[in-house]
Amino acid sequence: MLITKDMVGKTVYCLGSQPHRNYHPAKLERVVTKVGRKYIYIDGEQYEPRSDLSTGEFTYLYGSFGSSVTVFNSKQLYDAHNERTELQKKLVDFSKDRLGIYNIPLDDLKLVAKLLNI
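Residues numbered from 1 in each chain as written. Predicted model: local features only at pLDDT ≥ 70, side-chain atom pairs only at ≥ 80, totals over all residues. Heavy atoms only, no water.

Novice: Help me understand the pattern of salt bridges, please; the structure alone is not making it clear to me.
Specialist: A side chain with one charge may pair with a side chain of the opposite charge, provided their charged atoms come close. Using the criterion set out here, one finds four salt bridges in the structure. For Arg30, the salt bridge goes to Asp43, with nearest N and O atoms at 3.6 Å. Taken together, the residues Arg30 in strand β2 (residues 29-35) and Asp43 in the loop between β3 (40-42) and β4 (45-49) connect sequence positions 13 residues apart. Two residues, Asp79 and Lys75, come together in a salt bridge whose shortest N-O distance is 3.1 Å. Highlighted residues: Asp79 and Lys75, both in helix α1 (residues 75-96), separated by four residues, approximately one helical turn. Lys75 sits in the partly exposed class, given a relative accessible area of 30%. (Salt bridge = Lys/Arg side-chain N within 4 Å of Asp/Glu carboxyl O. Helix = DSSP H or I, 4+ residues; strand = E, 2+ residues; numbered from the N terminus. Buried < 20%, exposed > 50% of the residue type's maximum accessible area, 1.4 Å probe, protein only.)

Here it is as structure tokens:
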């Protein structure tokens, strides 16, 4: 997703990240106030886009003092990203629990392997 000058005044959905783990921005819905050559301003706060960390789904913006936000065009993309992140965390946590893997029937393991192409 690219933030362009025609997005000024439009509402975007932000997922914040700070050095501490469970930070969420005070406002989910924020407004793009200015788009310059180098910086993007959302609700008056200055951010620098990071194209190497951005995808077609979202834009990653680096702010001052280590603050950063991931910006989405729509609430649906924001919700899908959060759901994907939660499912990825659950899958990683489940795979770390080695005893949990041994309790899965073989047929279910084969189905999971087929779904994950492994």
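Novice: Could you clarify how one ought to interpret the pairing of strand β6 (residues 68-72) in this entry?
Specialist: Regular strands place side chains that alternate from one sheet face to the opposite one. With five of its five residues buried, β6 lies for the most part within the structure. Side chains of β6 alternate between two faces, with Ser68, Thr70 and Phe72 and Val69 and Val71 buried alike. With five bridges connecting them, strand β5 (residues 58-62) and β6 associate as antiparallel partners. Residue pairing across strands places Tyr62 opposite Ser68, the latter belonging to β6. (Pairing = 2+ DSSP bridges.)

Novice: Explanation requested: unusual backbone geometry in the structure shown.
Specialist: Note on backbone geometry: most residues besides glycine have negative phi, and most peptide bonds are trans. A positive phi angle is found at Asp43, which is not glycine, with a value near 50°. Positive phi, normally seen in glycine, also occurs at Asn117, with a value near 55°.

Novice: So what exactly am I meant to see when it comes to the side chain of His81 here?
Specialist: Counting through the fold element by element, His81 comes out in helix α1. For His81, a relative accessible area of 15% gives the class buried. Filtering out sequence-adjacent residues up to four positions away, His81 remains in contact with Leu15, Glu57, Phe58 and Phe72. (Contact = heavy atoms within 4.5 Å.)

Novice: What is the right way to look at the pairing of β2 in this model?
Specialist: Two elements, β2 and β3, share three bridges in a ladder whose sense is antiparallel. Counted as the bridge partner of Val35 is Ile40 from β3.

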